[in-house]
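If you want the building blocks of each chain, they are given just below.
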Amino acid sequence: MAAAGKPQAEPSLLAKPLYLATRVSLAYPAATVALAIALTVMSLVITFGKLGYRTSRLDLLDPKSDYNRLWIDYIDEFGDEDDAVVVVEGASREQVVQVLEEISTLLARDDQLFHAVLHGVDLGKIRSKGLHYLSQEELLGVEQFLGSVSPIVEGNWSRLNLGRMALGMNQRLEFADQQPDRRPSAAARNEMGRLSDSLMATLGGRRRYQSPWPEMPQSFATLSELNSEYLLTKDGTLGFVLLRLALDKEGFARNSSATDKLRELIAQANARHPETKIGLTGLPVMENDEMRSSESSMYWASLVSLIGVALLFVAGFGGVRHALLANIVLLVGIAWSFGYLTLVVGHLNILSMSFAVTLIGIGIDYGVYYVARYLQVREHCRSCKEALLETTQGVGPAILTGAITTSVSFFAASFTDFVGIAELGTIAGGGILLCALAELLVLPAVIAMVDRSGIGARVPQPLAIHEWVAPLFKRPRLLLFATMLFTCVVAAGVKRLWYDHNLLNLQAEGLESVELERKLLAESNQSVWYALSIADNRDELLARKEALLKLGSVERVEEIASLLPADHEVKAPIIERIQRRLANLPERPPLIPVDKPDDLGRVLARTQQLVSLGPDGARCARELEQIRDALRRLSLADCYTLISQFQQQMAGDLLSRLYALRSMANPEPPRLTDLPESLVDRFVGHNGRHLLKIYGRGNIWDMDALEKFVKEVRSVDPRATGNPLQAYEASLQMKSSYEQAAVYALIVITVVLLLDLRSVGYTLLAALPLGLGVLQTFGLMGILDIPLNPANMIALPLMLGIGVDYGVHLIHEYREQRGPYRMSPATAVAVMVDGLTTVVGFGSLMIASHRGLQSLGRVLTLGVTCCMFTSIVMLPAFLTWLSRNRQAEPEAAEQPETAATPRRGIQRRIDAGERPGAGPHASPAGARVAQARTRP
């Protein structure tokens, strides 16, 4: 630190070029202002004519990354549209289904804004081909059953006469008992057992019909009930309508027109059905809400920031004139920045839209430093032009160095792989340089034009910040100890700092789409997030589905490949035979004759005898005895009536089963065209590839659950993609990109400081506010439980530039002074106003409804405050202690300045903080002369 012990005489490398540029600007102020206005108009014309917006998250990602290529492959096959989701909650399934159908009908009418509406799957065409969904064994069983009843199917319904049925079974039992293979006997006994059970139910006390026919396969029973399958969960009390929204051609928030219309329709449906709750969510809606929230927040934050910065400027410098001029020039620089970003990048994205607030918060800093030094130099200088030249020569290099270091901290981000961060770095880096150049080149010309006129007769007096803080530096070692102790205590909170990857936590509070997503996760384990797996064929997809369902992190999967069964070449001939057998069914069964009760009783007695001879026949024999007894107890008329009724019910039951079989006996195999187009489009790509949607178990918005889900899904399909996997990779890449950008920025900032200050010691001193400020900020974030997240990580490059900027100005002033260091009035008020305007500029983000922007505002407010604290308290105290033994200038310097040494005398009085007439030999006459020199 030896170099810091005494001032360096050699000026900054930037001093001479800036001095010459200011001379040219002051020689032709009107031309300079006219050129600035022309560039501003040109920039605005280019901006309004060519600036575009990219609102897709895909635009933020590295197009060359492996995970993004997988996503692009998915988009090429299936398109980039996600589903909006209308959620209907009611007390019963009937209520929910009614509202689902009504909303779907309304949405289908407006095909300009909505398409691919899906609230249920119409399975009517699939049902006609339902037998294809039975296994080959089940189909053969159905065909065998039809063979057993073929005489009846062919028209001989008298075979259902109860006596003939019992007589036929007796013959089968007698024949089966003579065979070594007992299976025919078992089949006949089972058939007789069903018939006796059915008769007992009919003749019992309740007199109810029970079918004697064998049960159909379970899959057939399910298919026979199919008509339309609604998108329901929670036992039918929660239903969904999926739809795609039309994109807006203009505007930053996509889908706005469709989203507004959809919410209007939902509000009307809610009014008609107050007993149900209808809401809207889905990724397109959540993104639209986020964009609108961000856009509105950024607009109001920019407005509040600009007004707050201007008011602080006025309060700090005691007048409106120079504050207004600096802010007008800032707007010029911002206009140039918009032209620059339009030409270089061409568009704004979700991240780079925040650059306007960044320029307001940082760009005004350069005007603050320039005006602060100008007002102080103006008190001791004979003319406005000399004061401006002196200001540029004194503070210009520090301003430009600070702008370069801040700009470099952003430009470093442009070398990262995350496109969103890289574009933000390019835009903000160039914009900061343009704002600094505007304040260094245009502001002097504007001040000269105004202050030379009658308006500039009075020079305002800035706040005496240096007098407020001067008592603190009387004991610098005690102050250093206290501030270091505070830093150590606060830094203990760094170990509690954490990173929040959950994107739901960045959304605005109270948004319906976000709250519904949270509710679906909490109550039904549903989510609008799912992974995607693409298979080239059906077999591959079904095998992958089976493997995925075994994963602990997978809740369920969705696909339609299983709706198109295989082996239709084998099944089609069987189904065709079944169809032919069932071609000529009557509409109603004919009247079946009834045997005499006595004849029927004798046949059943023989049946009872045969059944009792077999194993496990005791129960059936007892039932047959009870049936015979019941028939004997009945009157002859009642007996005829009950037997006839039983025979007709049995015939009608069989005929209904045969009709159900015929309705599903279309031998043509199921095809995709049999399914709703809106369903097929979601699961079958342009090239015929099949899609599998994989839903995670638990809240996969949280990083731990998401990481487990991603890793397990990739263990089955390494090429899986989808929004959860995109978000997982993007979050990690964004975090690493910010960290990488911070490292790049530190390296380049160090090089710039070494080139400017030409001393390792001075470079370390200039970086001191940054290092301690970042440490204090992270410690306070840990203590206050403010996590880092994808939105506020942008604060890192901002804090690097801001923290170094403060240190650069202090070190430049330290090198200019002779003797023990004293913070000049200009530097004190500039650092204070600079810090407060930056706090207001970025702190205005805390009024945003978007919680990501809120967190960015909180982090930057903490960071800037900490850097300002170290710059205005800690570093000056250290410099005061470091220069305690530094020798002042020789006595010759105390002599009145001459024309040959104007700057040295002026600088000496600036360093001393003198005002006109405040010297040791001041007199009224001297004060009047000094005041006269303040006039242009």
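Because the structure is a prediction, the values reported are computed rather than measured.

Caption draft 1: Spotlight on the overall build of the protein. Looking only at helices and strands, one finds 33 helices and 13 strands in the protein. Taking all 936 residues of the protein together, the buried fraction comes to 57%. When contacts within the protein are restricted to residue pairs at least 6 apart in sequence, long-range pairs at least 24 apart make up 83% of them.

Caption draft 2: Summary view of helix H1 (residues 15-27). Compared with the 18 Å implied by 1.5 Å per residue over 13 residues, the 18 Å span of H1 between its first and last C-alpha is a close match. Of all the residues in H1, the buried ones are Ala-15, Leu-18, Thr-22, Ser-25 and Leu-26. Considered in projection along H1, the buried side chains sweep an arc of 95 degrees and stay on one side of the axis. Of the exposed residues in H1, the ones pointing more than 90 degrees away from its buried face are Lys-16 and Val-24. Tucked into the core, H1 has its buried residues touching helix H2 (29-50), helix H14 (355-378), helix H15 (384-411) and helix H16 (419-451).

Caption draft 3: Local environment of the environment of Val-87. Tracing the sequence through the fold places Val-87 in strand E2 (residues 84-89). It is 9.0 Å that separates the C-alpha atoms of Val-87 and Leu-242, two residues lying 155 residues apart in sequence. Setting aside residues up to four positions removed in sequence, Val-87 forms contacts with Leu-238, Gly-239, Phe-240, Lys-277, Ile-278, Gly-279, Thr-281, Leu-516 and Leu-520.

Caption draft 4: Structural detail: the environment of Glu-154. Mapped onto the elements, Glu-154 comes out in the loop between helix H7 (150-153) and helix H8 (162-177). Classification of Glu-154 by relative accessible area gives exposed; the value is 69%. Through-space distance from the C-alpha of Glu-154 to that of Pro-586 is 9.8 Å; in sequence the pair is 432 residues apart.

Caption draft 5: Highlighting empty space enclosed by the protein. Going through the model one piece at a time under the given rule, you end up with 9 cavities of 30 Å³ or more. Forming the boundary of the second largest cavity are 13 residues, of which Arg-373, Val-395, His-809, Glu-813 and Thr-827 lie nearest the centre. Looking at the lining of the second largest cavity, the elements with two or more residues in it are H14, H15, helix H29 (795-816) and helix H30 (825-843). Of all the elements, H29 adds the most residues to the lining of the second largest cavity, at 4 residues. Partitioned by chemical class, the residues of the lining of the second largest cavity number 6 nonpolar, 4 polar and 3 charged.

Caption draft 6: Spatial organisation of the pattern of salt bridges. Enumeration according to the criterion identifies 34 salt bridges in this entry. One salt bridge connects Glu-191 with Arg-172, and the closest N-O pair in it is separated by 2.7 Å. Linking Glu-191 in helix H9 (residues 183-203) with Arg-172 in helix H8, this pair joins segments that are 19 residues apart in sequence. Accessibility expressed as a relative area gives 36% for Arg-172, which makes it partly exposed. Across the pair Arg-580 and Glu-576 runs a salt bridge, and its minimum N-O distance is 3.8 Å. Remark: Glu-576 and Arg-580 occur in helix H21 (residues 568-581); sequence separation between them is 4 residues, near one turn of the helix. On the accessibility criterion, Arg-580 (54% relative accessible area) is exposed. Judged by relative accessible area, Glu-576 falls into the partly exposed class, the value being 38%. Salt bridges linked by common partners bring Glu-625, Arg-628, Asp-629, Arg-632 and Arg-633 together as one network.

Caption draft 7: Representation of the packing of helix H3 (residues 66-78) against helix H27 (residues 723-757). Interhelical geometry of H3 versus H27 gives an angle of 150 degrees and a closest axis separation of 10 Å. Taken together, the axes of H3 and H27 are roughly antiparallel relative to one another. Considering how the two elements wind past one another, H3 and H27 form a crossing that is left-handed. Touching Tyr-67, Asn-68 and Trp-71 of H3 are Asn-723, Gln-726, Glu-729, Ala-730 and Gln-733, all from H27. Its residues placed into classes, the contact of H3 with H27 shows 3 nonpolar, 4 polar and 1 charged.

Caption draft 8: Layout of the nonpolar core. Within the largest apolar cluster, 141 residues are counted, with the highest numbers of intra-cluster contacts made by Phe-317, Ile-362, Leu-388 and Phe-418. Non-local contacts of Phe-418, meaning those with residues more than four positions away in its chain, are made with Leu-60, Leu-61, Leu-351, Ala-730, Gln-733, Met-734 and Ser-737. Among the nonpolar cores identified, the runner-up in size contains 52 residues, and Leu-131, Leu-160, Leu-600 and Ala-665 belong to it.

Caption draft 9: The packing of H29 against helix H31 (residues 851-882), seen in detail. H31 packs onto H29 with a crossing angle of 20 degrees between their chain directions and a minimal axis gap of 10 Å. In terms of orientation, H29 lies roughly parallel with respect to H31. For the pair H29 and H31, the sense of crossing is right-handed. For the pair formed by H29 and H31, the contact residues are Ala-795, Leu-798, Met-799, Ile-802, Gly-803, Tyr-806, Gly-807, Leu-810, Ile-811 and Tyr-814 on the first element and Leu-856, Val-859, Leu-860, Gly-863, Val-864, Cys-867, Met-868, Ser-871, Leu-875, Pro-876, Leu-879 and Leu-882 on the second.

Caption draft 10: Looking closely at the confidence of the model for the protein. Of all residues in the protein, 88% attain a pLDDT of 70 or more, and the chain-wide mean is 81. The weakest mean pLDDT in the protein belongs to helix H33 (residues 924-933) at 36; the strongest belongs to H2 at 94. Note on residues 1-9: pLDDT is under 50 here. Beyond four places in sequence and across chains, it has 24 contacts. In the model, residues 891-936 has pLDDT below 50 throughout and makes 62 contacts with residues more than four positions away in sequence or in other chains.

Calculation criteria
- Residues numbered from 1 in each chain as written.
- Predicted model: local features only at pLDDT ≥ 70, side-chain atom pairs only at ≥ 80, totals over all residues.
- Heavy atoms only, no water.
- Helix = DSSP H or I, 4+ residues; strand = E, 2+ residues; numbered from the N terminus.
- Buried < 20%, exposed > 50% of the residue type's maximum accessible area, 1.4 Å probe, protein only.
- Contact = heavy atoms within 4.5 Å.
- Expected span 1.5 Å × (residues − 1).
- Arc of directions from axis to C-beta.
- 1 Å grid on protein atoms, 1.4 Å probe; cavity = no way out; pocket = protein on both sides within 12 Å on 5 of 7 lines; lining within 4 Å.
- Points joined across faces, edges and corners; volume = space filled by probe spheres on them.
- Nonpolar A, V, L, I, M, F, W, Y, C, P; charged D, E, K, R; others polar.
- Salt bridge = Lys/Arg side-chain N within 4 Å of Asp/Glu carboxyl O.
- Axes fitted to C-alpha atoms, helices over the stretch in contact; angles between N-to-C directions.
- Parallel < 35°, antiparallel > 145°, perpendicular 65-115°, else oblique.
- Left-handed = near helix turned anticlockwise from the far one by under 90°.
- Core = buried A, V, L, I, M, F, W, Y, C linked by side-chain atoms within 4.5 Å.
- pLDDT = per-residue confidence, 0-100.

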